[in-house]
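This is what each chain is made of:
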Amino acid sequence: MDIRFQDVGYAYQIGSPFESRALYDVNLMIETGKYTALIGHTGSGKSTVLQHLNALKTPTEGTVQIGDRTITPDSENKKLKLLRKKVGIVFQFPEAQLFEETVGLDIAFGPRNFGMEKEEALAKAEALLEVVGLDASFMERSPFDLSGGQMRRVAIAGVLALEPEVLVLDEPTAGLDPRGQKEIMDMFYRLHKEQGLTIVLVTHQMDDVATYADHLIVLESGTVRRQGDPREIFAESDWLSSLQLGVPSATELANQLQVQYDWQFDYLPLTTEELAEQLATTLKKVGDHHDG
């Protein structure tokens, strides 16, 4: 299910003295089956775009096409409920939205809200616990007795319970330690690969963009400045720096080696693995040269 923004604009508190424009002339495409990353400095419009992806907000200008539904400024919000099932959003610190007495009931809440029988919803909840790295013993536990990382996994399972076609991740690793961050991101990537789930990642973590995403959208001052292949965009480190954005740590180190030691790379490394491979190749060339 593709999502397309055409000339989208959005303003808060229209007609009041506090009116402020958050988006203007936004044109972008979220393609089915892709892993798209959305980056931008604070205030660039990322959060407002995110809320248009499943019609939590409707545009004040332009159109948002979500699958076969076209959302316009005149669309009635109450008729858009099913879109929230097709496009699931994992908000930052989703564990704050847990509220049921048990983990099982919390995960089952969404499906039951859409008409699924209780027993079927609970069976689905138990199956999803394994998907998010927990087990059936958590079903009867209170979500409020869990660790922060476990609570987050339960909240994610609750979003997955609606079987979304598109999963939107808003800074999904915020507050987690490095191990927890990698486990969560690997889990989402596994869902993307095994289930063909379309992923939209909103993040400040450029290493995550480099590791997982195959499409990158750069927002600045409420509009799209660039979109395309992450490798091509990360090659423009000076331009990204002008937007107060960085590059992946491996790319930054490669840039420093090029400037300070005139090291030449066959291609711009984005990940630690790519950098290690390039360094090994370069060192071998140096060794062969000296041997010769």
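Residues numbered from 1 in each chain as written. Predicted model: local features only at pLDDT ≥ 70, side-chain atom pairs only at ≥ 80, totals over all residues. Heavy atoms only, no water.

(A) A look at the overall build of the protein. Per the secondary structure count, the protein includes 11 helices and 10 strands. In terms of overall dimensions, the protein has C-alpha extents of about 75 × 55 × 35 Å along its principal axes. In the protein, which comprises 292 residues, the proportion classed as buried is 47%. Restricting to contacts in the protein with at least 6 residues of sequence separation, those with at least 24 account for 61%. Surface accessibility of the protein: about 14700 Å² in total, with carbon and sulfur atoms responsible for 48%. Charge-centre separation for the protein: the mean point of 27 positive side chains lies 5 Å from the mean point of 45 negative side chains. (Helix = DSSP H or I, 4+ residues; strand = E, 2+ residues; numbered from the N terminus. Buried < 20%, exposed > 50% of the residue type's maximum accessible area, 1.4 Å probe, protein only. Contact = heavy atoms within 4.5 Å. Areas by Shrake-Rupley, 256 points an atom, 1.4 Å probe, with all protein chains shown as cover. Lys, Arg positive; Asp, Glu negative; His and termini not counted. Charge placed at Lys NZ, Arg CZ, Asp CG, Glu CD.)

(B) Expanded view of the pairing of strand β3 (residues 35–39). β3 sits mainly inside the fold: 5 of its 5 residues count as buried. Burial of β3 is two-sided: the residues Tyr35, Ala37 and Ile39 facing one way and the residues Thr36 and Leu38 facing the other way are all buried. Bridge count between β3 and strand β8 (residues 198–202): 4 bridges; the pairing is parallel. If you follow Tyr35 over to β8, its bridge partner there is Ile199. (Pairing = 2+ DSSP bridges.)

(C) Highlighting the pattern of salt bridges. For the structure shown, the criterion picks out 9 salt bridges. Arg153 is the salt-bridge partner of Glu183, the closest N and O atoms lying 3.0 Å from each other. With a gap of 30 residues between them, Glu183 in helix α6 (residues 178–195) and Arg153 in helix α5 (residues 148–160) connect regions that are remote in the sequence. Judged by relative accessible area, which is 34%, Glu183 ranks as partly exposed. With a closest N to O distance of 3.1 Å, Glu183 and Arg179 form a salt bridge. Note that Glu183 and Arg179 are positioned in helix α6 at a spacing of 4 residues, about one turn of the helix. Residue Arg179 is classed as exposed on the basis of its relative accessible area, which comes to 64%. One continuous salt-bridge network, built from bridges that share partners, spans Arg153, Arg179 and Glu183. (Salt bridge = Lys/Arg side-chain N within 4 Å of Asp/Glu carboxyl O.)

(D) Expanded view of the environment of Pro73. Tracing the backbone shows Pro73 in the loop between β5 (69–71) and α2 (83–86). Classification of Pro73 as partly exposed rests on a relative accessible area of 38%. Here the alpha-carbon distance between Pro73 and Ala250, two residues 177 residues apart in the chain, equals 43 Å. When residues no more than four places from it in sequence are discounted, the contact partners of Pro73 are Pro59, Thr60, Glu61 and Gly62.

(E) Examining the sheet that holds β5 more closely. With antiparallel pairing, 4 strands are arranged side by side in an open sheet as β2-β1-β4-β5. Strands at the two margins of the open sheet, each flanked by one partner only, are β2 (20–30) and β5. Going from strand to strand, the sheet's axes swing by 25 degrees on average, the running direction of each strand aside. Summarising the sheet, strand β1 (residues 3–12) and β2 pair through 7 bridges and their orientation is antiparallel. Counterpart to Arg4 in the pairing with β2 is Met29. (Axes fitted to C-alpha atoms, helices over the stretch in contact; angles between N-to-C directions.)

(F) Quick look at the nonpolar core. In terms of nonpolar packing, the biggest core is built from 52 residues, with Ile107, Leu167 and Phe188 touching the most fellow members. Among the elements that take part in this core, α5 stands out by supplying 7 residues, more than any other. Those residues within four positions of Ile107 in sequence are excluded, and the remaining contacts are Ala125, Leu128, Leu129, Val154, Ala157, Gly158 and Ala161. (Core = buried A, V, L, I, M, F, W, Y, C linked by side-chain atoms within 4.5 Å.)

(G) Region of the structure containing the packing of α5 against α6. Across the interface, α5 lies against α6 with an axial gap of 12 Å and an inter-helix angle of 15 degrees. Relative to α6, the element α5 lies roughly parallel. For the pair α5 and α6, the sense of crossing is right-handed. In this structure, α5 uses Arg153, Ile156 and Leu160 to contact α6, whose residues at the interface are Glu183, Ile184, Met187, Phe188 and Leu191. Classifying every residue of the contact of α5 with α6 by side-chain character gives 6 nonpolar, no polar and 2 charged. (Parallel < 35°, antiparallel > 145°, perpendicular 65-115°, else oblique. Left-handed = near helix turned anticlockwise from the far one by under 90°. Nonpolar A, V, L, I, M, F, W, Y, C, P; charged D, E, K, R; others polar.)

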